[in-house]
Amino acid sequence: MSRHYAEVIGDPIAQSKSPAIHGFWLKKLGIDADYRATRVGANGVNAFLAERRSDPDWLGCNVTMPHKQAVQDSLDSIEEPAAAIGAVNTVCPAMDRGLAGYNTDAAGFLEPLRPLLATQHYFRMARVLGTGGAARAIVASLAGEGFTIVLAGRDPGKAQGILSELAPAGEHHAVSLDHFAGPTDFAFEDRKGCLDLVINASPLGMRGKPPLPFDWSHAPPGSIAYDIVTDPVETQFLANARDAGFETIDGLAMLIGQAAAAFALFFGEPAPREHDAELRALLTR
């Protein structure tokens, strides 16, 4: 007997924690459905979605690296904020719109920051490291919350293009990723009343990837380090930040937040977030 299912696609995909998250919520709610991980290569997205279109049990998929931008060409509609961001991380069949693309990364990224964002600040600045699909969602989210952004990438020209496209109104800056690799003796001004973030929005530091080169002398006093990498959850980036005296937010915060928004799209019910502590314990075993 067939069952309804959703899945996550990417390449690589074996490290994904999404099946554990959605499976945990399905069990808590008693929903008779599955959530799977499916490896889809760089040139296989069109064929994959063409096949899924005709499957009546398919409820949609999450989209991870490297497909968040490429998948858009295979969709019938792209909802906001995905259209503005230019990256899709969730695809669902919609009765009146064919295959629809969504972005839940933006909401997931901001979720753990909401208590801070509810407070007024004299100035908000974020150093964002990375220029991929997740970085696009993060840049758009931060610009909407009044941050001045320094976006660092291997190609500063690409970083400047993202800023010009997604945050044209602000006085933002694009730099090379290696700008932050070595120490600095820059004397930061008083940051009282300010909100400073340092965000790893790249895959650097992920299992099997080289570490992210960032020297914490570049972070203003009181900064918060936020790493979106989830495998491992405890990255060298976060460990170094804590050693330097900074508060940290790990990648599970964004992952669980974006997954909850996708879960409601797939299964028609809100994720049971009252079990977050138990879920975190499961994911960090």
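The paragraphs below set out a description of the structure included in this document. (Residues numbered from 1 in each chain as written. Predicted model: local features only at pLDDT ≥ 70, side-chain atom pairs only at ≥ 80, totals over all residues. Heavy atoms only, no water.)

### Things to note about the environment of R124
- Structurally, R124 can be placed in strand β7 (residues 123-129).
- Its relative accessible area of 11% is what places R124 among the buried residues.
- For the pair R124 and M95, spaced 29 residues apart in sequence, the C-alpha to C-alpha distance is 41 Å.
- Among the polar contacts made by the side chain of R124, one reaches the main-chain carbonyl oxygen of L117 at a distance of 3.1 Å.
- A distance of 2.9 Å separates the side chain of R124 from the backbone oxygen of T119, its partner in a polar contact. (Helix = DSSP H or I, 4+ residues; strand = E, 2+ residues; numbered from the N terminus. Buried < 20%, exposed > 50% of the residue type's maximum accessible area, 1.4 Å probe, protein only. Polar contact = N/O pair within 3.5 Å; in protein donor to acceptor, adjacent residues only side chain to side chain.)

### A word on the sheet that holds strand β12 (residues 247-249)
- The sheet built from 6 strands is open, its strands ordered β9-β8-β7-β10-β11-β12 with parallel pairing. This sheet does not close on itself; its edge strands, each paired only once, are β9 (173-176) and β12. Taking each pair of neighbouring strands and ignoring which way they run, the sheet shows an average axis angle of 20°.
- Here β7 runs beside strand β8 (residues 148-153); their pairing, made up of 5 bridges, is parallel. Its bridge partner being in β8, R127 is matched across the sheet by V150.
- On the sheet, helix α7 (residues 156-166) packs against β8 and β9 and is oriented at approximately 160° with respect to β9.
- Across the face of the sheet, helix α8 (residues 236-243) comes into contact with β7, β10 (194-200), β11 (224-227) and β12 while running at roughly 170° to β11. (Pairing = 2+ DSSP bridges. Axes fitted to C-alpha atoms, helices over the stretch in contact; angles between N-to-C directions. Contact = heavy atoms within 4.5 Å.)

### Notes on the packing of helix α9 (residues 251-267) against helix α10 (residues 276-283)
- At a minimum axis separation of 12 Å, α9 and α10 run at an interaxial angle of 120°. The angle between α9 and α10 falls in the class oblique. By crossing handedness, the relation of α9 to α10 is classed as right-handed. Of the residues in α10, those in contact with L252, A253 and I256 of α9 are D276, L279, R280 and L283. (Parallel < 35°, antiparallel > 145°, perpendicular 65-115°, else oblique. Left-handed = near helix turned anticlockwise from the far one by under 90°.)

### Some remarks on the nonpolar core
- Ranked by size, the top nonpolar core spans 28 residues in total, and within it F109, V128, L142, L197 and I199 carry the most contacts.
- Elements with a contribution of two residues or more to this core: α4 (105-110), β7, α6 (133-144), β8, α7, β10, β11 and α9.
- When residues of this core are assigned to their parent elements, the largest contribution, 5 residues, is made by α6.
- For L142, the contacting residues outside a window of four places in its chain are F109, A126, V128, F147, I149, L197 and I199. (Core = buried A, V, L, I, M, F, W, Y, C linked by side-chain atoms within 4.5 Å.)

### Focus: the pairing of β11
- Burial along β11 is two-sided: the face carrying I224 and Y226 and the face carrying A225 and D227 are both buried.
- Judged from the 4 bridges that link them, β10 and β11 form a sheet pairing that is parallel. Within β11, the position partnered with I199 by the bridge is Y226.
- Looking at chain direction, β11 and β12 are connected through 3 bridges and run parallel. Residue I224 lies in a different strand from β12, and its bridge partner there is E247.
- Taken together, β11, α8 and β12 form a β-α-β motif whose crossover is right-handed. (Right-handed = clockwise from strand over helix to strand, strands pointing away.)

So far we have only geometry, and geometry alone does not tell us how the molecule works.
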